[in-house]
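# Descriptive analysis of the structure
Below, each chain spelled out in residue letters.
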Amino acid sequence: MATAPKKIKATPKHQSKKAAKHKPAELNEAQIAVHWKEEQYLYPSKEFIAQANLSDKKLVRKFDEKNFPDCFVEYANLLDWDHKWNKVLDTSHAPFWKWFVGGKLNACYNCVDRHLAKHKNKAAFIFVPEPENEAATVITYQELYKRVNETAAMLRDFAGLKNGDRVTIHMPMIPELPITMLACARIGVVHSVVFGGFSGEACGLRAADSGSRVLIYADGYYRNGKWIDHKGNADIAVATAKKECQDIEKVLIWKRYPGKRMSEVAMVAGRDFFVDEVIKDYAGQTVAPVSQDAEAPLFLMYTSGTTGKPKGCQHRTGGYLAYVAGTTKYYQDIHPDDVYWCMADIGWITGHSYIVYGPLALGATSVLYEGVPQFPDAGRPWRIAERLDVNIFHTSPTAIRMLRKAGADEPKKYNYHFKHMTTVGEPIEPEVFRWYHEVVGKREAVIVDTWWQTETGGFLCTTKPALEPMKPGSAGPPALGIYPVIWDENSEEVKAGSGRAGNICIRNPWPGIMQTIWGDPERFVRQYYAKYNKHPKSKDWRDWPYYAADGAMLAADGYYRILGRVDDVINVAGHRLGTKEVESACLTVPEIAEAAVVPIVDEVKGRVPVVYIALKPGVPANKAIQDKVISTIETMIGKIARPKMIHIVPDMPKTRSGKIMRRVLAAISNHMDTGDITTLANPDIVEQIRELVQGRSRGPVQEGPEDIKMFGEER
Ligand code: WTA
C-alpha cells in the first residue's frame, strides 16, 4: 500500500500574489479551493477485487467512445421493459436528448414487483429511527409492495392524481417517503421531493412552480434528539403557493406513529387528511403499474442555480433508471447479500438515485436512518453499522469531517467491516480521505469519490473500484460512457498534466442527464449548453457539450480533481445554495439597501455563506437587523442557508457600472489577496471593509450570530 505523503497545510495564503495575477472576473468556489499536491495511490484489496461486479475489462471496453451510444444498452438491459425501445438515442431536438425511444416500462415495477418472485422476504429497507431506544424496522419487498400499492390506490382514488400530474412531497427520512415516491411512479405521477429541512415557504414556491395540487407531508420527526413538528410547514407552503396563484387542494399527512397524534398544529377541514386514517379504505388494494414511455418524466428535483429562483430538474423514466441501476451495480458494487447504507437524505439527488431508485432496481437491502449522524454521539453510525452488519457505506465529506472531529477513534470501538465506501457532494481533502480509509474503512474498504450533480442523475467521475486505484482528493477517471473535457474561457482545451484548471464539460449525452428544466426549456439550453456550443442549429451531439459549472484539473494519469463551483452556487456541507437566493431573501428586509453573499472556507462544512449588507440611509446598524436577516433567510429558505456571519458595511465595493464585486468580499472574508482593485468605482471602501471584517473576525464575537449547526443538523 502506498504510504501517506507529507501533509501540506492548506491555508488561504497558498493563493500567492502570482496566482492572483491570473485572477478571473469573479472569485468563486473553484478559486478558493485548496491547492493540494499530487497524492499517491491507494489500492483495493485482493478480496474486494475477487468479488467485484466491475472486474471485467471487456465490459469497460464496451463503453469505448466508438461504441457510443449503444454501450448504454448494457445498463438498459438491467431493467424489465414492457416494450423494447427502437432507438437508443435520438438527437433530433438537440440538446433535448431522447433515450431508449419507443421503450416502455414502469419504474415502480422495476424497483418492487419484479423482485417478489425470488426475494419477497428480503429486506428492502431497514429503517433506523433516531431515538436509540426505538427498534429498527424491516420492510421486506413483499411489505413494500403492499404499502406502495395501497398508497398508489389512495393517491389515485382519494387525491385524484393521474398520470402526468405533479405532486410535491415535503417529508423527512422515514419509510413513507420512498413508499410515496414509488406509489407516484406506479401511477405515472411526477414527484417533486423537497428536502425536509427546507422551510414551508421554500416548499410552497416549488409546489407552485411545478403546478402541484396535492402536498404530501409528515406530522413530524426526530432530529438531533428533538421532536420537530413539521405539519405547520404545510400551512405555510399552502399559503405561499396561493400567493403564486397555485391552489393546493389536499394535504396528505403521514403520522410518524400511525394512530398517534403528535403534531399540535390544527388540521384544516376538507384540506388536510391524515394518511393512516384515509388509507384504511384502500387496505389490500393493488394498482397495476402504468406502462410509461421511456421519456415520461419520473420526477423533478429543484436545485439552486445562478438566479434567485431554484430550477426543477426534470428526469426521465427509462434513461434515468437505467443509468442509476448501472452505476449502482458497477460503482456501489452491491451484491444480493450486501447491506448497503447511504447516509444521505432522500430529499437530495443522492438519496433519489442511490437510496431509492438505484438500489431498489437491483433488489438491494438498504438502511434508512432518520436522524443526524452524531446523535447521541459520534459512535452512532458505527453502532448502526455493527448492529445491522452494513458492509457498504456512503456519505459526504462534511459528515466525515464532522465524525472525525467529534470522535476520531470511535470507529475502532465497533466491530463492523465495510468492503466499500463512497464520498460524494464536495471535494474531500486528502487528509480527510485518509482518515476515512484508515479509520472508518479499517484499510479494508475501497473508496469511490463520486463527482456528479442533481442535473446529471448519476455519477460522472469516479474510480472503478476494483480496477483503478484511489487517489485521495481526486474523483478519478470518467464513469463508463462519459467523455469529459476541460476548456478554458477561450474554448482552449486544458490538457492533462498541464497543472491548470478550467471548466469541466461532458462532451456526450448519457441516459441519466436531465431532460429539461421544468417549464423553462430556454434556460436549460442557456445554462448547460450555450457556453461551448458553436452551432446552435446542429443536431449532432458532438456540438453540444454539457457545461457543469465546476472548475477542475486533469492530472497526467487521467484523474479529474474537482475544485468546486465556478458560478454563483455555494456548496454548503455538500448542499447547493444559490448566492442569489440568499441575497433575494436579505433584500426583503426593509432596512437593507444592498446584499452580497460570498462563500468562506469552513473546517467542517467545506463552505459556508457570509452575508454583507449595506443599510438604507439613516438606518442605524445594530444586532436587531442582523437577527432579522437571519430569521428571514431561515423562513424563506431554511436553516441550511443560515449565514456564518453578517457584516454590515458602509458601502459595497463596486465597478464603475455599479456591479457589486463579490470576489473582493470573498477575498477579504477568506483572508486572501483581493487582486487588482484599481478599476473599482470606490477602491477606498476595500480597506475599510477589510479592517471591519478581519479586525473583528479575530475575536470570538464574530463566531456567527449563533452557533453554526453541523451537517445533518440544518433543519
Ligand atoms: C459538487 C450532488 C467534488 C460539485 C451529487 C457539483 C463534488 C455539486 C463532488 C453538485 C465530488 C459533487 N467532488 N465536488 N465528489 N460531488 N460535487 O447537485 O460542485 O447537490 O457541481 O449533487 O457538488 O451538487 P448536487
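Attention in this report is confined to the structure presented alongside it. (Residues numbered from 1 in each chain as written. Predicted model: local features only at pLDDT ≥ 70, side-chain atom pairs only at ≥ 80, totals over all residues. Heavy atoms only, no water.)

### Points about the side chain of T328
Cut-off, in case you're wondering: Strands are runs of DSSP state E lasting at least 2 residues, helices are runs of H or I lasting at least 4, and numbering of each runs from the N terminus. Contact between two residues is taken to exist if any of their heavy atoms lie within 4.5 Å; hydrogens are not considered.
Considering the arrangement of structural elements, one finds T328 in helix α12 (residues 318-331). Residues contacting T328, with those up to four places away along its chain left out, are D333, I334, S353, Y354, G358, P359 and L362.

### A closer look at the sheet that holds strand β24 (residues 546-554)
Where we set the bar: If DSSP finds at least two bridges between two strands, the strands pair. Here the axes come from fitting lines to C-alpha atoms, over the contacting stretch only for helices, and the angles between their N-to-C directions go from 0 to 180 degrees.
Taken together, the four strands give an open sheet; going across it, the order is β21-β22-β24-β25, and neighbouring strands pair in antiparallel fashion. Strands with a single pairing partner mark the edges of an open sheet, and in this sheet they are β21 (484-487) and β25 (560-565). If you compare each strand with its neighbour and ignore which way they point, the axes differ by 45° on average. Here four bridges tie β21 to strand β22 (residues 501-506), and the two strands are oriented antiparallel to one another. Paired with P484 across the strands is I506, a residue of β22.

### So, the pattern of salt bridges
Put simply, the rule is: Throughout this description, the term salt bridge denotes a Lys or Arg side-chain nitrogen within 4 Å of a carboxyl oxygen of Asp or Glu. Only protein chains enter the accessibility calculation, which uses a 1.4 Å probe; a residue whose area is less than 20% of its type maximum is buried, one above 50% is exposed, and one in between is partly exposed.
Applying the stated rule across the entire model yields 52 salt bridges. Residues K654 and D651 are paired through a salt bridge, measuring 3.3 Å at the closest nitrogen-oxygen approach. Its relative accessible area of 26% is what places D651 among the partly exposed residues. Salt bridges linked by common partners bring E38, K471, D557 and R561 together as one network.

### Things to note about the packing of aromatic side chains
Going by this rule: Between rings of Phe, Tyr and Trp, where Trp is taken as its six-membered ring, a pair exists when centres lie within 6.5 Å; planes separated by under 30 degrees are stacked, by over 60 edge-to-face, and by other angles tilted. Sitting over a ring, as applied to charges here, requires NZ of Lys or CZ of Arg to be within 6 Å of the ring centre and within 35 degrees of the ring normal.
With the rule as written, the count across this model stands at 46 aromatic pairs. Ring geometry for Y75 versus Y330: centroids 6.3 Å apart, planes at 25°, classification stacked. Taken together, the residues span a long stretch of sequence, with Y75 in helix α5 (residues 73-76) and Y330 in helix α12 at a distance of 255 residues. Ring centres of Y529 and Y546 lie 6.0 Å apart, and the angle between their planes is 65°; this geometry places the pair in the edge-to-face category. With Y529 in the loop between α17 (521-528) and β24 and Y546 in strand β24, this residue pair connects regions lying 17 residues apart in the sequence. The residues Y529 and Y546 share a single accessibility class, namely buried. Directly above the aromatic system of F198 lies the positively charged group of R206, at a separation of 4.7 Å from the ring centroid.

### Focus: the packing of helix α6 (residues 107-119) against helix α7 (residues 141-157)
Between two packed helices, both the angle of their axes relative to each other and the distance between the axes serve to describe the pair. The test is simple: Roughly parallel means an angle under 35 degrees; roughly antiparallel, over 145; roughly perpendicular, 65 to 115; everything else is oblique. Helix crossings get a hand from a simple test, with the near helix turned counterclockwise from the far one by less than a right angle marking a left-handed crossing and a clockwise turn marking a right-handed one. For this scheme, ten residues count as nonpolar: Ala, Val, Leu, Ile, Met, Phe, Trp, Tyr, Cys and Pro. Four count as charged, namely Asp, Glu, Lys and Arg, and the remainder, Gly too, count as polar.
Packing of α6 against α7 brings their axes to within 9 Å, and their N-to-C directions diverge by 140°. As judged from the angle between their axes, α6 and α7 are oblique. When you trace α6 past α7, the crossing you get is left-handed. Judged by residue contacts, C108, C111, V112, D113, H115, L116 and H119 of α6 engage Y141, Q142, L144, Y145 and V148 from α7. Looking at the contact of α6 with α7 residue by residue, the classes come out as eight nonpolar, three polar and one charged.

### Remarks on the environment of M636
The residue M636 is located in helix α19 (residues 623-636) in this model. For the pair M636 and H93, spaced 543 residues apart in sequence, the C-alpha to C-alpha distance is 37 Å.

### Let's talk about the site of the ligand
For clarity, the cut-off: By convention in these notes, a residue is near a molecule or strand provided one of its non-hydrogen atoms lies within 4 Å of it. Nitrogen and oxygen atoms within 3.5 Å of one another constitute a polar contact, given that in protein one can donate a hydrogen and the other can accept it, and given that sequence-neighbouring residues count only through two side-chain atoms. Values of accessible area rely on a 1.4 Å probe in the Shrake-Rupley scheme; residue burial ignores everything except the protein chains shown.
Residues in contact with the ligand amount to 17 residues; listed here are only the nearest, D449, T450, T454, D550 and R576. Here D449 contributes a side-chain N or O atom positioned 2.7 Å from a nitrogen atom of the ligand. T454 has a polar side-chain atom sitting 2.5 Å from an oxygen atom of the ligand. Across the complex, the protein chains shield 97% of the 520 Å² of accessible surface that the ligand would expose by itself. Of the residues assigned to the shell around the ligand, the class counts are six nonpolar, six polar and five charged.

### As for the pairing of strand β26 (residues 569-572)
Across the two faces of β26 the burial is the same, with V569 and N571 and I570 and V572 all buried. The antiparallel hairpin formed by β26 and strand β27 (residues 575-578) contains two residues in its connecting segment, where A573 sits at a positive phi of about 50°.

### A few points about the nonpolar core
Put simply, the rule reads: Nonpolar cores were defined as sets of buried Ala, Val, Leu, Ile, Met, Phe, Trp, Tyr and Cys residues, with membership established by side-chain atoms within 4.5 Å.
Ranked by size, the top nonpolar core spans 121 residues in total, and within it F72, F100, L144 and Y357 carry the most contacts. Ignoring sequence-local partners within four residues, the contact set of L144 consists of V112, A124, F125, I139, I179, L182 and L360. In terms of nonpolar packing, the next biggest core, distinct from the first, is built from 62 residues, F198, A573, V598 and I637 among them.

### Focus: the sheet that holds strand β8 (residues 214-218)
With mixed pairing, eight strands are arranged side by side in an open sheet as β12-β11-β8-β6-β7-β14-β15-β23. Unpaired on one side and paired on the other, β12 (272-274) and β23 (516-517) mark the two borders of the sheet. Pairing of strand β14 (residues 297-303) with strand β15 (residues 311-316) involves six bridges; the strand directions are antiparallel. Its bridge partner being in β15, L300 is matched across the sheet by Q314. Of the strands in this sheet, β14 and β15 are in contact with α12, which crosses β15 at around 80°.

### Some words on the side chain of R256
Tracing the sequence through the fold places R256 in the loop between β11 (250-254) and β12. Those residues in contact with R256, other than ones at most four positions away along the chain, are F127, P129, P131, E134, I174, D219, G220, Y222, W227 and E370.

### A closer look at helix α9 (residues 200-210)
Most of α9 is tucked away, with nine of its 11 residues classed as buried. Residues of α9 that are buried include every one of G200, E201, A202, C203, G204, R206, A207, A208 and S210, and no others. Positive backbone phi, at 70°, marks G211, one or two positions downstream of α9.

### Description of the pairing of strand β28 (residues 592-602)
Most of β28 sits out of view: eight of its 11 residues are buried. The pairing of β28 with strand β29 (residues 606-615) spans 10 bridges and is classified as antiparallel. Residue E594 lies in a different strand from β29, and its bridge partner there is A614. The hairpin formed by β28 and β29 contains three residues between the paired strands.

### Notes on unusual backbone geometry
Along the chain, F68 connects to P69 via a cis peptide bond; the corresponding omega equals 0°. By the secondary structure assignment, P69 is in the loop between α4 (57-62) and α5. With an omega of 0°, the peptide bond between F375 and P376 qualifies as cis. Summarising the element assignment, P376 is placed in the loop between β17 (365-369) and α14 (380-388).

### Considerations on helix α8 (residues 176-187)
Defined as follows: The span you would expect from a helix comes to 1.5 Å times its residue count less one.
For α8, with 12 residues, the first-to-last C-alpha span of 17 Å sits near the 16 Å given by 1.5 Å per residue. Along α8, 12 of the 12 residues are buried, which leaves the element largely enclosed by surrounding structure. Inspection of α8 places E176, L177, P178, I179, T180, M181, L182, A183, C184, A185, R186 and I187 among the buried residues, and these make up the whole buried set. Note on α8: the residue one or two positions beyond its end, G188, has a positive phi of about 75°.

### Examining the packing of α12 against helix α13 (residues 349-361)
Two numbers describe how α12 lies on α13: the axes approach to 8 Å, and their chain directions differ by 85°. In terms of axis orientation, α12 runs roughly perpendicular to α13. Seen from α12, the contacting residues are Y320, L321, V324, A325, T327 and T328; seen from α13, they are H352, S353, Y354, Y357, G358, P359 and A361. For the contact of α12 with α13, the residue count by class is eight nonpolar, five polar and no charged.

### What to know about the environment of D90
Along the chain, D90 falls in strand β1 (residues 87-90). Distance in space between the C-alpha atoms of D90 and K539 is 9.4 Å, their sequence separation being 449 residues. Dropping the residues within four chain positions of it, D90 is found in contact with F96, W97, K98 and V101. Within the local environment of D90, its side chain forms a polar contact with the side chain of S92, the two groups lying 2.7 Å apart.

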